[in-house]
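Structural overview for review
Listed below, chain by chain, are the residues.
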Amino acid sequence: QADASRIHDDYLKCLQSQNSDSISTIAYTPRNTSYSSILQSTEQNLRPASTSLFKPTLILTPLHSSEIQAAIRCAKKHEIQIRVRSGGHDYEGLSYASTSPFVIVDLRNISSISVDRENRTAWVEAGATLGQLYYKIGETSRELAFVAGACPTVGVGGHFSGGGYSMLSRKFGLSVDHIIDAKIIDVNGQILDRRSMGEDLFWAIRGGGGASFGIIIAWKVSLVSVPEKVTVFNLTKTSDQNATQLVYQWQHIADKIDENLLIRLFITSSTSPQTGKKSIVVSFTSLFVGGIDQLLSLMQKSFPELGLAKEDCIEMSWLESIVYFANIPGAASVEVLLDRNSSKSYFKGKSDYVKKPISVKGLEGLWKRLFAEEEEDMEAYFQLQFSPYGGMMSEISESATPFPHRRGNIFMIHYIAGWDEKGNAESKRHVNWTRRIYSYMAAYVSKFPRAAYLNYRDLDLGVNKIKGNTSYKQASIWGTKYFNQNFDRLVHVKTKVDPSNFFRNEQSIPPLS
Ligand code: FDA
């Protein structure tokens, strides 16, 4: 760490020589009183933050792209590793925790958004959050929307470069399917747009993870049309209300039902304090791009077993639906979307893809594993999310972007264990729960490769070597899980644009040596 500090002092001097006016206002070293609050403010997952081998020796919060260019050029000169952070929601904290010395380029101040209503496009800088983008679009028009995740404090820098699953994904696909231009600063400190970076690199950063290729400073996206009112519902069913059978039936319609409708399941368990009886609790959480009457007749035809009634449904603008799904306590208005602060916790997540409906027996085995954990532990939560695919997700070819999970996937499973400070003494046990349940699910999910979603990053799938080069063969163990056959093209692009592997982390794409 002492050596690292000295090297970073030289780095700071290099930056000062390039940006003498501004550097003191954007650089935070551990000696600075604001260092900890800047570092922690967007560490969404406290687990990697608490176990990280190194803390950043410097945090830069650039105000202009010229400062990012200098950050890259000086880092190259002094062989410093850079981690770039936009919203800080990486599941393994790769934007703020590391197994080797590093500095953070934190893009919180590079966050302006301009919406072009007439052409139905927007330029959004990488440090903006999804909530800020949604708000700005809603301010411009209530009939325009964008396809991206449900959590408003996620950053567009990481989210768009890894996919971007949305409550609108069955109708419109992913965020990456709506990116039409981007600005990136490459390993030489050059600012490139779509034309100057070329189609290979533009392809790679739309789902292949931006951190392997450069620092993305802005995206141009095309907006989608939505009606003035959409319909939402959140219907909860327990074991006594036939939840297992409903989940089983849901698997047969989830990817086939009208593409205007997305029904996502959030599954937890509970124990009755009176009887001690365990139950599964399934929330059928839905967005329908249309009105209540249309939705009711659709549900009557395709999923009558759920028993959806008019009083379960609420019509609202698409922007209001964002606040509804974000489930922000006390949120009274859409202004809450502008808030970058989020409640943080310790968590571990994993993902899977399901291509054939899971049998009732398989589901019961899954519930059993949820029940077992609930019994032992009240300091933590354990949740499954089933996110349906089909619709537009199946219309886009596997190679159109690096994100390969298209036709043939019924739904994605997300396993998550979360806990707070008190539960942290048992963190190993909570993490192991995700591993045990993942191991049980092997029989029911995709195989060869067992696919995973990059935005739910999981270092259990494999990591690069800390020192020296990771071979193509080693990296393909996790690489094919995230990218399937697109992994080869990502390696090819990496080799072309960053042969010295300057932009690297525990799970970055390696160049061919
Ligand atoms: P962060 O800043 O941590 O970056 C993530 C990764 O991208 C890091 O490797 C980082 O270095 C790199 N990176 C960031 N900015 C970059 C830039 N400008 N240029 C190059 N590389 C850059 N996903 C989803 O699809 N749908 C959803 O609904 C949700 N919901 C959700 C809720 C919550 C609470 C969490 C914690 C996460 C999600 N996600 C999600 C997952 C989310 O999409 C994923 O974690 C993103 O990578 C987060 O992007 P951030 O910019 O916030 O993270």
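Residues numbered from 1 in each chain as written. Predicted model: local features only at pLDDT ≥ 70, side-chain atom pairs only at ≥ 80, totals over all residues. Heavy atoms only, no water.

Quick look at the overall build of the chain
The helix and strand tally for the chain stands at 17 helices and 18 strands. Here the C-alpha atoms of the chain give a radius of gyration of 23 Å, agreeing with the 24 Å that 2.2 N^0.38 yields for 513 residues. By principal-axis analysis of the C-alpha atoms, the chain measures approximately 70 × 55 × 45 Å. Looking at the chain as a whole, 59% of its 513 residues are labelled buried. Here the contacts in the chain between residues at least 6 apart in sequence split such that 74% fall between residues at least 24 apart. If you sum the accessible surface of the chain, you get close to 20,800 Å²; carbon and sulfur atoms cover 49% of it. Taking the average location of the 57 positive side-chain charges in the chain and that of its 52 negative ones, the two points are 6 Å from each other. (Helix = DSSP H or I, 4+ residues; strand = E, 2+ residues; numbered from the N terminus. Rg over C-alpha atoms; globule rule 2.2 N^0.38 Å. Buried < 20%, exposed > 50% of the residue type's maximum accessible area, 1.4 Å probe, protein only. Contact = heavy atoms within 4.5 Å. Areas by Shrake-Rupley, 256 points an atom, 1.4 Å probe, with all protein chains shown as cover. Lys, Arg positive; Asp, Glu negative; His and termini not counted. Charge placed at Lys NZ, Arg CZ, Asp CG, Glu CD.)

What to know about the state of the cysteines
Within the structure shown, the criterion is met by 1 disulfide. The residue that forms a disulfide with Cys14 is Cys74, at a sulfur-sulfur distance of 2.1 Å. Between Cys14 and Cys74, the disulfide has an S-S torsion of -80° and is therefore left-handed. Of this pair, Cys14 sits in helix α1 (residues 2-18) while Cys74 sits in helix α5 (residues 65-77); the two residues are 60 residues apart in sequence, bridging distant segments of the chain. Cys74 shares its class with Cys14; the two are buried. (Disulfide = S-S within 2.5 Å.)

Description of the pairing of strand β3 (residues 81-85)
Of all the 5 residues making up β3, 4 are buried; the element is thus mostly covered by neighbouring parts of the structure. The sheet contact formed by β3 and strand β4 (residues 102-106) spans 5 bridges and is parallel. Across the sheet, residue Gln81 finds its bridge partner in β4, namely Phe102. (Pairing = 2+ DSSP bridges.)

Notes on the confidence of the model for the chain
Residues at a pLDDT of 70 or more form 98% of the chain, whose mean pLDDT is 95. Listed scores for the predicted complex are pTM 0.97 and ipTM 0.99. (pLDDT = per-residue confidence, 0-100.)

Re the site of the ligand
Taken together, 32 residues lie around the ligand, and Val84, Ser86, Ser95, His159 and Tyr453 are the ones closest in. Here a nitrogen atom of the ligand sits 2.9 Å away from a polar atom, N or O, in the main chain of Ile216. At a separation of 3.4 Å, an oxygen atom of the ligand approaches a polar side-chain atom of Arg457. In the complex, 93% of the free accessible area of the ligand, which totals 960 Å², lies under the protein chains. Of all the secondary-structure elements, those providing two or more residues to the shell around the ligand are β3, α7 (156-162) and β10 (215-222). The element best represented in the shell around the ligand is α7, accounting for 3 residues. Looking at the shell around the ligand, its residues break down into 14 nonpolar, 15 polar and 3 charged. (Near = heavy atom within 4 Å. Polar contact = N/O pair within 3.5 Å; in protein donor to acceptor, adjacent residues only side chain to side chain. Nonpolar A, V, L, I, M, F, W, Y, C, P; charged D, E, K, R; others polar.)

Structural notes on the UniProt feature "domain: FAD-binding PCMH-type" (unreviewed entry) in the chain
The residues that UniProt annotates with the feature "domain: FAD-binding PCMH-type" (unreviewed entry) are residues 52-226. Helix makes up 26% of residues 52-226 and strand makes up 25%, while its end C-alpha atoms are separated by 43 Å. (UniProt positions renumbered as here; feature names shortened; annotations may be inferred.)

What about unusual backbone geometry?
In this chain, Phe448 is followed by Pro449 through a cis amide linkage whose omega measures 0°. Within the fold, Pro449 resides in the loop between α15 (427-440) and α16 (472-483). Residue Asn327 is not a glycine yet carries a positive backbone phi of 55°. Here Asn327 lies in the loop between α12 (318-326) and β16 (346-354).

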